[in-house]
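# Working through the structure, step by step
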Amino acid sequence: MSDLLIGIAISLLKTLGLLFAVILPMVSYTVYAERRVSAFIQDRVGPNRVGPYGLIQPIADAVKLLLKEDFTPAHVNKFYYWLAPACAMAPSIMALAVVPFGSTWFGQPMVVANVDVGVLWVFAVSSLGVYGIVLAGWSSNSKYPFLGGIRSSSQMISYELSLGLSVIPIFLICGTLNLPAIVKYQIENGWFISPIWLKGISLTGIDFPELFSSFSIWKFLLWIPLFLSFIVFMVSMFAETNRLPFDLPEAETELVGGYHTEYSSMKFALFFLGEYAAMIAGSAVIVTLFFGAWHIPFLPTAPEQLSFWPGVLLGLVHIIAFFLKVALLLFFFIWVRWTLPRFRFDQLMRLGWYFFFEIALVNILLVAIILAIMPK
Amino acid sequence: MAYTVPRPKLTLAEKAYVPALIAGLGITIRHFFGILSGKKKVTMQYPDEKWDTHLPPHYRGAPTLVADDYGRERCVACQLCEFICPPRAITIKPGEIPEKDRWRKVEKYPEEFEIDMIRCIYCGLCEEVCPEQAIFLRKDYAITGLTRAEMVHDKKRLYELGGVMTGLVNKWNEKK
C-alpha cells in the first residue's frame, strides 16, 4: 500500500515538476524567442525593454493577458466556446507524458509514464488537439473562425496520415513502440537521424577491431529511408502544429485571426500557448525519435551505476541535454516560420496526399525489404 | 488581342523547391547572426539615443525668442511674424517702453508673446521675416504636453528655449 502511495507521489512530483518547472516556462520563453528571433531575422530589435534583454517580457505578457477583459460575444455557443481553449492546450501537454526527458535522476527514470504504447499515445493525444480548434471555430458562430476550423480539421487529418506512417520504419527497426526502449536502441546503434554510429569509439581511444566489426553497408542503406522518414515526419509535424508554412487555420491575412478571432484575454492565451506547447511536444517527440533523446555521445548513459552525487549530476546533464535539443529544434521551427511564405490550400493538400503519403508508404516498404534481406 | 503571359520554363531544381528553400533559410540566418553580432545596423533606439547630435545646423525645430548681448529681449513687437505665420500660431500683445527707460528708442516690446505649438508647422517663416533676428527655430523637436494650455509657449518659455544669441545685427544699440 505504501509502495503504491510512494509511486503516486513520485509520479505526481515528476508530472508537476515537468509541467511547472520546465514546460510552462519553456512555452512562455518560446514566445519570447519567437519574437526576438523574428525581430533579428527582420533586422529589428524585438522586445528588449522589460528586464535585461527583455527577459521578463513573458511575465509582462502573462500579466497583460490575465488582466484583459474576458469577453464572451453574445452570439457564441457558450458551452463549447468555453470548452475549446482547454481542448487546445491540454492535449499537447498530455503528449509529453510518455516522452523520456532524461535518463534517471535520484534513481527515478525520467519519464512520467513508461508505457508500451508510447508513440501511439503521442499520436492519439496530439490529434485530439484538432478538437479544440474545430470547437473554437464552430462555437464562435462567425465566418472567419469557422473557415479556420474547417481548414484545420482537413489539414490535420491529411498530415496525421503521413505523420504516423513516416515513423513506422523506426518501429520496424526497433521492434517496439515504447519510447525509452527506442532511446535505448539509439544509444546502442546511433541516433536515427544517422544510424551509422560506429561502435568502439570512446573518449579514451578507438577500439579498431570493434569499429570494423560494427561497420556494415546495411547501416548506410538504412540511413536513406530513415532520413526520408525524418524529413516527412518533421514537415508533417510543422503541419500538425499549424506552424508556418502550414498555418492556414490562422492565416492572419485571409482569416483575420483564424479560429481564435472571437477570443480574448486568457482564453486567447490558451490557444496561443497551446500552439507553442504543441510545438514543444512535437519537438520533444522528434528529439526522442531521431536525435537520441537525452543521449550525449561519449558520456556514460547510466547515472544509477555511478556513486550518488556524480549520478545526480549526470542525470541533470541528461535532462538539460534533452531540453537543449528541444530548444534547438524550436529555434529551427521559428527560423522556418520567418523564412517561408504560407502555402495555398490546394498546394498543402497536394503535398500531403500526393507526396508525403506516398513517400511514407514507399519508405515503409523500403525499410521492410532492407530488414528482410539484411543479415542478422 | 489576347496576350499570352509567357510562363518561365522551370528547371528541375526550381521545381523541386528545395534549393530555393535552403537558400531562403540561408538568407534569414545571415540576417539573424548579423543582428546578433551587431554587424548589421538597426534603427536608432529613439528614446535612449536622440537625434540631437545628428541634427544638421539648419534644422528647423521649435521657434524660440532670443536675448541679445545685453541680456535684453530683441523682439520689438513689430508683429511681422504674427502676420506671416501661416497657421496663425503666434499671438503678440505689444506694449510701449516707458519714457525714462534706457531703451526708450526701441519704443515697443511684446507684453505677451505666445506661440501655440499645436498649431506651429515649423515652416520657419517667422525666423525669415523677423527684422530684429529675434526669433529663431532651435533644435528642440520633441515638444510635448499633457494639456492644450501646456502646449502654448508663453514668453518665459520661449526665452528659456531660445537662450542668448550674440554677434548679430544690433540695430538698436547706442552706436550702430
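Residue positions are counted from 1 within each chain, in the order its sequence is given. Key to labels: chains lettered from A, ligands numbered from 1, both in the order written. Two thresholds apply to this predicted model, a pLDDT of at least 70 for residue-level local features and 80 or more for giving and counting side-chain atom pairs, whereas whole-chain, interface and lining totals are computed over all residues.

### A few points about the interface of chain A and chain B
By the criterion used throughout, residues are in contact when their C-beta atoms, derived from the backbone, lie within 7 Å. Chain A puts 10 residues into the contact, and the matching count from chain B is 11 residues. With three residues, the single largest contributor to the side of chain A that touches chain B is helix 1 (residues 2-41) of chain A. Runs of H or I in DSSP of at least four residues are treated as helices and runs of E of at least two as strands, each being numbered from the N terminus.

### With respect to the sheet that holds strand 5 (residues 152-153) of chain B
Residues and elements named next belong to chain B. Strand pairing requires that DSSP identify at least two bridges connecting the strands. Ordered in space as 2-3-5, the three strands form an open sheet in which the pairing is antiparallel. Looking at strand neighbours, the two that pair on one side only are strand 2 (90-96) and strand 5, the edges of this open sheet. By the bridge criterion, seven bridges tie strand 2 to strand 3 (residues 108-116) in an arrangement that is antiparallel. Within strand 3, the position partnered with T91 by the bridge is E114. To obtain each axis, a line is fitted to C-alpha atoms, and for helices this fit is confined to the stretch in contact; angles are then taken between N-to-C directions over 0 to 180 degrees. Across the face of the sheet, helix 5 (residues 155-162) comes into contact with strand 3 and strand 5 while running at roughly 85° to strand 3.

### Focus on the environment of A:A86
Residues and elements named next belong to chain A. One can find A86 in helix 3 (residues 78-95). Partly exposed residues are those whose C-beta has more than 12 but fewer than 20 other C-beta atoms within 10 Å; with 20 or more the residue is buried, with 12 or fewer it is exposed, and the C-beta atoms are placed from the backbone. Accessibility expressed as a C-beta count within 10 Å gives 14 for A86, which makes it partly exposed. For the pair A86 and G148, spaced 62 residues apart in the sequence, the C-alpha separation amounts to 18 Å.

### Quick look at the nonpolar core
Residue and element names in this part refer to chain A. For this entry, the nonpolar core is defined as buried Ala, Val, Leu, Ile, Met, Phe, Trp, Tyr and Cys residues connected by C-beta atoms within 7 Å. Formed by 95 residues in total, the largest nonpolar core has its most connected members in L96, A277, I280 and I286. Looking at this core element by element, the count peaks at 17 residues for helix 12 (residues 265-290). Once you skip the residues sitting within four places of it in the chain, I280 turns out to touch I23, M26, V27, T30, V326 and L330.

### Some remarks on the domain arrangement of chain B
Per the domain assignment, the segments of chain B are domain 1 (11-42) and domain 2 (56-162). One C-alpha centre belongs to domain 1 of chain B, the other to domain 2 of chain B; they are set 55 Å apart. A domain assignment, automatic or from a database, supplies the domain bounds used here.

### Description of unusual backbone geometry
Although it is not a glycine, A:D43 sits at a positive phi angle of roughly 60°. Following the sequence through the fold, A:D43 ends up in the loop between helix 1 and helix 2 (57-67). By C-beta crowding, A:D43 is classed as partly exposed, having 14 other C-beta atoms within 10 Å. Even without glycine at this site, B:A77 takes up a positive phi of about 55°. Summarising the element assignment, B:A77 is placed in the loop between strand 1 (63-65) and helix 3 (80-84). Looking at B:A77, the number of C-beta atoms within 10 Å reads 24, which means it is buried.

### Regarding helix 14 (residues 345-373) of chain A
All names here are of chain A. Between the first and last residue of a helix there are one fewer steps than residues, each counted as 1.5 Å, and that sum is the expected span. The terminal C-alpha atoms of helix 14 lie 41 Å apart, and with 29 residues this matches the ideal 42 Å at 1.5 Å per residue to within 8%. At F356, helix 14 shows its strongest bend, of approximately 30°. When helix 14 is considered as a whole, its buried residues turn out to be L348, L351, G352, F356, A360, N363 and V367. The elements touched by buried residues of helix 14 are helix 6 (143-166), helix 7 (168-174) and helix 10 (217-240). The angle between axes fitted to the seven-residue stretch ending at a residue and the seven-residue stretch beginning at it gives the bend at that residue.

### Let's talk about the confidence of the model for chain B
The predicted model of chain B has a mean per-residue pLDDT of 85, with 94% of residues at 70 or higher. Prediction confidence for the complex, expressed as pTM and ipTM, is 0.79 and 0.75 respectively. Confidence of the predictor at the level of single residues is given by pLDDT, which spans 0 to 100.

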